[in-house]
Structures are given as structure tokens and as C-alpha cells.
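In case you want the letters, here they are:
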Amino acid sequence: MAQTLSRPQNLREWFAVALVWGAAALVTAVFCWLLGDIVWHGLSHISWTFLTAPPENAGRRGGIGPILVSTCLILGVCLTVSLPIGIGTAVLLAEFTSDHSLFGRITRRSLDVLAGVPSIVFGLFGNAFFCKTLGLGFSILSGGLTLACMVLPILIRSTEEGFRAVPTSYRLSTAALGLSRTTTIVHILLPAAVPGLLVGLVLGVGRAIAETAALIFTSGYVDRMPESLLDSGRALSIHIFDLSMNVSGGDANAYASALVLVILLLAINGTASWLATYGLQRKAVTV
Amino acid sequence: MTPVEPITGPRARHPLEERSVCQGPQSLIEIDRLSLYYVDKPAFQDVTLSINKGCITALVGPSGCGKTSFLTCLNRLTDLIAGCRVSGRIMIDDLDVMAPDTDVIQLRRRIGMIFQKPNPFPLTIRRNLVFPLREHGLRDRGQIAQTIETTLRDVGLWDEVKDRLDSPALALSGGQQQRLCIARALALLPEVLLMDEPCSALDPLSSGVVEDLIVSLRSRYTILIVTHNLTQARRIADHAALFWVQNGAGRLIEVGTAKQIFEEPRDPLTAAYVSGMRG
Amino acid sequence: MLIVVFLISEALPVLRHVGLLRFFTDPSWHPAEGLYNLTPMLWGTLFATTGSVLIATPLGILSAVFCHYYAPPVLARPYRHLIELLAGIPSVVYGLWGLVVLVPLIAEVQPPGPSLLAGILILTIMILPTIALMADASFTNVPQQYLRGAAALGLTRWAIIRGVVFPASKSGLFTGVILETGRAIGETMAILMVCGNVVQTPSSVFDPIRTLTANIALEMAYALGDHRAALFASGVVLMAMIVALVVSAEWISRERLYGSDSEQTTESP
Ligand SMILES: Nc1ncnc2c1ncn2[C@@H]1O[C@H](COP(=O)(O)OP(=O)(O)OP(=O)(O)O)[C@@H](O)[C@H]1O
Ligand SMILES: [Mg+2]
């Protein structure tokens, strides 16, 4: 309801109008400042060579080629692991546990908690479990696995929502046809739940790309081109962090990398909201 | 801004004069060639009608003929609906309702509205009554308490809720909620009450209670009531107006005293409609 | 679940060697010398979180009010998109901006610049979209009939918002606050970049601070033995805070569920 409820009547109403518009103006101003600043400083440095060249002089000059590669690899690992597990758990939760069973409740509750856990804590866990216990060291593999743990809650919850959105009548009619439960899931439910899955996937990828804290001590710092999954690789967000904190004179490239990251994320979020509004007729999952 | 009598506590109760006020031809609201369009679709057209002071006027007619839309014009609730266009003139006393510089806040205070579905706010019973009063400038605690008690007594709710004024209003029964909404409107000392099917969401018992309440308000307030219950309209109304859909838009077909409309209708449509009541 | 087990098992050695109390009673945080006082960092987290939640909540709610009730439709849509966009910007980018723009500005007013204030401001900007979007969603769920009923009583727009819309969307707003608090507590990078990371209990907003999360990020790389375990212990503390938040949120939404249940059963006569 963007309609005017009524015209401003008295002092208090005027005050409220001023307050609300003021707040909105302030928020807009700060955000335009922030975005403008990044675009302004970043745009002049972005070029094809910047995207492909390796960083030189600790990143002060040169590009972000290897870093993009590492980022993609980390994401790749994260998705290969989290997708099957995520879908599996979601199917289990939505189809094989009732809303009120103890197992379902506990799992759901812990997923909600996990979704809220600070990423640095995931980082700690990843460091202890993947790097140390499993002996993977600082590597793209441990980074990707850690991120997988992080995005799983989101993925599971939104896929589960997708499954629940499938009308019960589908289930009943397939059961009436005498099809087995597995067939039902594979042929009827999975396709129907794809939209929910996609939204969850895109949101998860967004969260993973933006992540820094969990990666610092799992995937490591090294800015070379990674040679294998067991190599340490530097993600884009860590690159920005490192350039701005530890490398004096790295601001220009930091800005450019930040712009790249923001554009990537915008594309991802755009896809998510597009999927949520047009690809399907269900409510968007907001994180 | 039109000078409106300030709210200073409960208005002295008129002795119930029973229809006496209504018998005089004293018109309070004059509606002149009023039409309303939702975007380009007309809801009703060319309604000319005068409403007498202190009377109960029933608006009847089939679903979708624009009765609700008509009521919302009178307190300019139409302002809230995007794409809603109104033409024509409404005069209440000497206040031009549709004029752009009319103070809608004061206008709506003078004209209370009761909706089909009871809509108490999700607050306590007391807050439901106190909050509008305070917003309209009544600060004195004693007077507020006094007003709450009188209006709740007026709607016959006082004995039922006096011990739980601070419990949520939504925990009341449907009939009680509707009476609370009426009390909420009465507390602001309106002159006119618009009631949009106030009994249709209620069971027969609560409906009867609300109906008695409406009758008891006659002559203190000028009441416009929309109802699909023709026997009810007949029981309580002094005047009746029949709306009908013609050429895709609502029209006022016939207006007269309740007795005349229900017993000797002039228009064949009216005759058919009210005989549905008998049949 | 596995995560909790791991955190605790990693934290155990230090709890056994050092004991819980010493996290609060040790004179300072010098892990190399076996001194493990977490309190300054706890205060840091607490101050930064409270400060930013206090600023972001009213601003975020007002933003949503703006979108819903005050802005002309031409402005409301882009404004909502702007907020959504901000919700998606990664924290390092906020941190970068804070470091390059905000910190020097604060340094002009009162050196050194990297400070609690910078942290609060950056956190505010970061969590504002959360509360704004939540508030926006709960305003959408306020039934139209309340608004029409209130307007019919001749209430002003602000009166309707304050008296009807806010109470009706109370639980949604509360969940929003919980969510943003969780985000503020867990935020690491932006805070790490603008807060100065000096281990001390701040005495003014211009003092640099170090939060629990920043502490972990800073020292994890070289921590060994008990020191490392102490960091895991602070991870456990963080985790406990979040669990407490989620549980309280759950509790509130349960309350709301029962509330609306009774509404529904009594609404139909
Ligand atoms: N907000 C709106 N936007 C567009 N069209 C509307 C709107 N409200 C009502 N209409 C249309 O205007 C016409 C009159 O509606 P109105 O609600 O006034 O009828 P009514 O006489 O009150 O019907 P009922 O007896 O069922 O309540 C209907 O055709 C309806 O579809
Ligand atoms: Mg109607």
C-alpha cells in the first residue's frame, strides 16, 4: 500500500513525515556513497588484462587471474559436495519425516542454528577438521568443504520448502497409480522442487562467494595459480582483504577486485530474484 | 478546517425520542449525481439521494451493485484505493465532502464506519478504544475512562468485558468484536454511522444483539446500513434505497420509506427483489 | 552437530589446563605467556553489537515504513531494490570502504581513526538491510482491514502506523532484530578491518577495540597449543550466543503461534 493514507494533518504528522523521509534519504545517501565510491575507484582499473593477469608485487600491480581461478575451484568443490548432500537431506526431511517426529524437529532446529552460526566459527571448524584431522592442510579442497558446510543449511531449507510446495494431490495420484515412493520422488517431486532448489543454490553460491572469514585459515593465502585441489589458493574476497589491510598501496587493485566481486554477486542475486519471481510461483526465500 | 465539536467526554444522552427526529424532513446528507469508477470500470453511476437526520436508511440490492463502494465515498475511504475516481457532490450539512481541501481526518471523525468483518486492532480491548480517542486529542485519563465505560454500556458490552479490558480484543467472540468496533466508532462522537453488512459475519444470536443495538442508536445518530437481510432491513429501517446493476454499473432504482419500498414498491425490479423476501 | 563436538573437543584442553574462570580473571590477553582474559573482546563484541543494533533498528524500520506508507510508488520500488542490493554486498567490501573512507574521516575528528565508532557504523550499514527487509515483509502481512478500519476512525497516517501497524507486526519486527543481532555478533571481516584490533576495554567510542571474531581471525594463523584451544573456546562462546538468540527467537515465535491460534479459534463464532 504505497497510497497516501491521508494528508498530513498536524505537527506530529509533519514530524513523522520528516523523520521517515529523512531516514530514507540518509540510508540512500550512505549507500550511494558506498557504491559510488567502489564503482568510481574500481572501474578505471578493470580491464581484460586485469581479469586474467597474475598479481605482481603482492598484488599492488597486475591482475587477479589466478585468484578468479581459485575462487571458481573453491566454489566448484563446495557445490559438488553440498548439492547431493543437500538434496538428499531435504528429501529425507520433507518426504520421510513427519513435521512432528523427533528426528525431523531436531534436524530442522539444528539447521536453523547452523544457518545463524558466524562464518568464522565455520572457519575454526574447517581448520580443525579438514586441515588438521583429515590432513588436507591449507588447500582449496578444505576451503571448498568448509564452505559446503556453511551453505548446506540454506540449501537444505530452501529445497525442503520446494518439496513441501508440491501439492499433496501429486503424491496421492502417483500412489494411486501404484508407483513406488522412489519413482514418485525421482519423476514427480524432484522436477517440481527444482525451482526451490535453484533459489537455494543461488543464495548459497552468493553466500559462499562473499565469504572471507571462513576461508582465511582453510584455503590459505597463496596467490599463485593453483596446480591441484590440494594447493592453497586465494579467494577473491581474501584478496581484497589482504590488499587493503596488509599491502600498502594496494587500494586501487582492492577497489577493482571489490567491484568484480560486487558485480558477480549482483548477477547472482539478480538470478535468484528472477528465479523467485518468474521461474516459479512461490515465495522467495529471503536470507 | 471545519469547526467540529471537540471531544470532551461522553455526550449527554438524548432521551430516546423514538422516531420523532426522523419524522421531520430534515435532511443531513445530500448526494448529487455521485459516480464512482475503479480505473475505468464504473461501480455505480448517477446516484442522487438525500439522507434524513436521525433516521436509519437501509441500502439493499444484489451483490456487486456498488453498495460498499457507495459507503466508502461518504467518508472518503476511496482515497485509499489506487485508481478509484469519484465524481459528483456530497454535502454533509454545509461540508463539501469531495472538495480537495476538506479535512478528511475531521470528516472521518464525524462519520463512523463499521465493516462487514469485525476488525478490532490486535491490541487490548482498552487500547482499541483509548488509542483513537487520544489521537483525536482527548488526554484526560478520567474522561477517557468515563467515555470507555459509557460507550461500552451503550453497546451492551460493559458487563461482558469490564473485568478483562486488558485482554486482547481478538480473543472476543465475533459478535463481541463487532460491538467493540461499534463502540470504538461511537467513542469519537460521530454524527453519522456507516454500517456495511454489520451482521453478516455473525451468528443469528449475536446478529440479533447487534440489530437491537442499532435500533437503540436511532435518532442519536444518522445511520446508513447495507444489508442483504431484507427482513432485517424492514424491521429496523425508516427509509430504504434499492441499488441494482444496469448496463454494467450500479444504479439507484428506488428510494422511499421502508414501508413504501417493502409493501407497495413502484418499480417492478424492486417488487421482484422484495418479493424474493416473501418467497 | 559435528561442528559443536569439534569446537568443544578442540577447546577442551584449554578448559582443562586453564579453567573457565581464568578467561575472565586473568590480567590480560597474552596467550604466549599463558594469560587468557577474554573480557575485553567480549566487551568489544557487546559494544559494537549493541551500538549498531540500536542505530540500525530504527533506521531499518523507518526505511520499511517509507517504502510502504510514505514513498510514492515510483520511489518505493527502487528503494526496495537498493536495500536488497545492499543485503547482498559482501562484508569485505563494506570493510574496504570503511577502511578507506570512514576511518580517515573519523581520524580527522579524533585520532586514531580505527575505532569502536567505525565498527558500529560499518555494522549498522551491514545489518540495516536485514531489519529493513524483515520489517518490510511483516508490514506486507498487516491485514488491509486494520488499515481501513483505522483510516475510517479518522486517524492520521502516523497514528495508524504507530498504533496499529507496529503492534500488528510486532513479532516480525522482533525476529528481524534477532536476526540482525546474530549477524552483528558473527561479523568478522568488516570489523577486523576498521576497528583497530587493540585488545582493550574501550572507554570511549573513539578507542580501538578487538572483537571475539576478529581475535580468532587474527591469531588463528599462528596459534598453537593452549592458545589455539583458547581461540576455539571463544568460538564456543560465539556459538553459545547465537544459540541463545535462536532459542529466544523460537520462543517468541511460539508465543506468536499460540497467540494467532487462539485468534483463529475465537474469531469464528
Ligand atoms: N478495489 C476495487 N478495485 C476494482 N474493482 C472493485 C474494487 N472494489 C469493488 N470493485 C468492483 O466494484 C463493484 C461494486 O463493488 P461493491 O463492493 O461496492 O459491491 P457491493 O454492492 O458492496 O457488493 P456486496 O453486496 O457483495 O458487498 C463490483 O463489481 C466490484 O467488483
Ligand atoms: Mg459490500
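How each quantity is defined
Residues numbered from 1 in each chain as written. Chains lettered and ligands numbered in written order. Predicted model: local features only at pLDDT ≥ 70, side-chain atom pairs only at ≥ 80, totals over all residues. Heavy atoms only, no water. Helix = DSSP H or I, 4+ residues; strand = E, 2+ residues; numbered from the N terminus. Buried < 20%, exposed > 50% of the residue type's maximum accessible area, 1.4 Å probe, protein only. Contact = heavy atoms within 4.5 Å. Near = heavy atom within 4 Å. Polar contact = N/O pair within 3.5 Å; in protein donor to acceptor, adjacent residues only side chain to side chain. Areas by Shrake-Rupley, 256 points an atom, 1.4 Å probe, with all protein chains shown as cover. Phe/Tyr/Trp six-rings, centres within 6.5 Å; stacked < 30°, edge-to-face > 60°. Lys NZ or Arg CZ within 6 Å of the ring centre and 35° of its normal. Buried area = accessible area lost by both parts, 1.4 Å probe. Salt bridge = Lys/Arg side-chain N within 4 Å of Asp/Glu carboxyl O. Expected span 1.5 Å × (residues − 1). Pairing = 2+ DSSP bridges. pLDDT = per-residue confidence, 0-100.

Across its full length, chain C holds 12 helices and two strands. Ordered by position from the N terminus, the helices and strands of chain C form the series α-α-β-β-α-α-α-α-α-α-α-α-α-α. A burial count over chain C gives 57% of its 269 residues as buried. Nonlocal contacts in chain C, meaning residues at least 24 apart in sequence, comprise 72% of its contacts between residues at least 6 apart.

Backbone geometry places B:Asp93, a non-glycine residue, at a positive phi of 55°. Looking at the element boundaries, B:Asp93 is found in the loop between β4 (84–92) and β5 (95–96).

The next subject is the site of ligand 1. Residue and element names in this part refer to chain B. In the vicinity of ligand 1 there are 13 residues, among which Ser63, Lys67, Thr68, Ser69 and His228 approach most closely. For ligand 1, an oxygen atom lies 3.3 Å from a polar atom in the backbone of Cys65. Separating an oxygen atom of ligand 1 from a side-chain N or O atom of His228 is a distance of 2.7 Å. Relative to its free-state accessible area of 630 Å², ligand 1 is covered by the protein chains to the extent of 62%. Residue assignment for the shell around ligand 1 shows that the elements contributing at least two residues are β2 (41–52) and α2 (67–74). Element by element, the count of residues in the shell around ligand 1 is highest for α2, at three residues.

Okay, the packing of aromatic side chains next. For the coordinates displayed, the defined rule picks out 10 aromatic pairs over all chains. Ring geometry for C:Phe139 versus C:Phe166: centroids 6.1 Å apart, planes at 25°, classification stacked. Here C:Phe166 lies in helix α8 (residues 157–168) and C:Phe139 lies in helix α6 (residues 116–140), a separation of 27 residues in the sequence. On the basis of relative accessible area, C:Phe166 is assigned to the partly exposed category, the value being 22%. A cation over an aromatic ring shows up here: B:Arg184 above the ring of B:Phe121, its NZ or CZ 4.2 Å from the ring centre.

Our next topic: the interface of chain A and chain C. Each side of the interface is counted separately: chain A has 64 residues, and chain C has 65 residues. Here chain A and chain C share an interface that buries about 5900 Å² over both sides, 80% of which is from carbon and sulfur atoms. If you look at where chain A meets chain C, you find one salt bridge. For C:Arg157, the salt bridge is made with A:Glu13, and the minimal N-O distance between the two is 3.4 Å.

Time to look at helix α9 (residues 170–186) of chain C. Relative to the 24 Å expected for 17 residues at 1.5 Å per residue, α9(C) spans 25 Å between its end C-alpha atoms, a close match to the ideal helical length. Those residues of α9(C) that fall on the buried side of the exposure criterion are C:Ser171, C:Gly172, C:Leu173, C:Gly176, C:Ile178, C:Glu180, C:Thr181, C:Gly182, C:Ala184, C:Ile185 and C:Gly186.

Moving on to the pairing of strand β8 (residues 222–226) of chain B. All names here are of chain B. Taking burial as the measure, the five residues of β8 include five buried ones, the bulk of the element. Side chains Thr222, Leu224 and Val226 project from β8 onto one buried face, and the interleaved Ile223 and Ile225 project onto a second face that is buried too. The pairing of strand β3 (residues 56–60) with β8 spans four bridges and is parallel. Each residue of the ladder has a partner; that of Thr57, found in β8, is Leu224.

Detailed reading of the predicted coordinates is not advisable wherever pLDDT is low. Residues and elements named next belong to chain C. Taken residue by residue, chain C gives an average pLDDT of 78. The fraction at 70 or more is 80%. In this model residues 258–269 is a low-confidence stretch, pLDDT under 50, and it forms 12 contacts with partners more than four residues away in sequence or in other chains. Interface confidence for the predicted complex, expressed as ipTM, amounts to 0.78; the pTM equals 0.79.

All names here are of chain B. Sheet topology places strand β1 (residues 27–38) next to β2; eight bridges connect them, and they run antiparallel. The partner of Ile31 across the bridge, within β2, is Leu49. Linking β1 to β2, which pair antiparallel, is a turn of two residues; within it Val39 sits at a positive phi near 55°.

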